[in-house]
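Chains, contacts and geometry: an overview
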Amino acid sequence: DEKKEVYHLEQAAIGGEPFARYNLGLVELKNGRHVRAAKHLIIAANMGHDGSLRTLKDWYRFGLVSKEDFAAALRGHQAAVDATKSPQREAAEAFRKLGFRKNSEKAE
């Protein structure tokens, strides 16, 4: 049921879920409401959603989003990504890249 899907996407978007906001943008695009779709994608990009930023980049390339809107979304996305950075996360990522194995996966 599409009405239920949209309702739950709206509730999740209100709760701050960027992927739900992105999906609402796709629903609006499917329904022919391009301006509303772009607004949802800009909000999701400002929350750090990579897929929204990629979509906005494509839309900018095709002239569907203004340079100002794309630039603002790009700045907002970068700010959201920067806000999630911390020394602990960087150390965990470096540790993961070293090929950490769980105790149960030790080489014998």
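Residues numbered from 1 in each chain as written. Predicted model: local features only at pLDDT ≥ 70, side-chain atom pairs only at ≥ 80, totals over all residues. Heavy atoms only, no water.

1. Observations concerning the packing of aromatic side chains
One pass over the structure, following the stated rule, counts two aromatic pairs. The interplanar angle of 25° and the centroid separation of 6.1 Å between the aromatic rings of Phe19 and Tyr22 together place this pair among those described as stacked. Remark: Tyr22 and Phe19 occur in helix α2 (residues 18–30); sequence separation between them is three residues, near one turn of the helix. Of the residues examined, Tyr22 reaches a relative accessible area of 17% and is grouped as buried. (Phe/Tyr/Trp six-rings, centres within 6.5 Å; stacked < 30°, edge-to-face > 60°. Helix = DSSP H or I, 4+ residues; strand = E, 2+ residues; numbered from the N terminus. Buried < 20%, exposed > 50% of the residue type's maximum accessible area, 1.4 Å probe, protein only.)

2. Some words on helix α5 (residues 67–83)
Helix length check: α5 (17 residues) gives 24 Å between terminal C-alpha atoms against 24 Å at 1.5 Å per residue, within 8%. Taken together, the buried positions of α5 are Phe70, Ala73, Gly76, His77 and Ala80. Relative to the axis of α5, the buried residues are bounded by an arc of 130° and lie together on one face. Summarising the geometry of α5, the exposed residues directed more than 90 degrees from the buried face are Lys67, Glu68, Arg75 and Ala83. (Expected span 1.5 Å × (residues − 1). Arc of directions from axis to C-beta.)

3. Some details on the nonpolar core
Formed by 13 residues in total, the largest nonpolar core has its most connected members in Leu41, Ala45, Leu56, Trp59, Val65, Phe70 and Ala73. Once residues lying within four places of it in the same chain are set aside, the contact partners of Trp59 are Leu29, His34, Ala37, Ala38, Leu41, Leu64 and Val65. Counting residues in hydrophobic clusters, the runner-up holds six residues, among them Val6, Leu9, Ala13 and Leu24. (Core = buried A, V, L, I, M, F, W, Y, C linked by side-chain atoms within 4.5 Å. Contact = heavy atoms within 4.5 Å.)

Nothing here speaks to function; it is all geometry.
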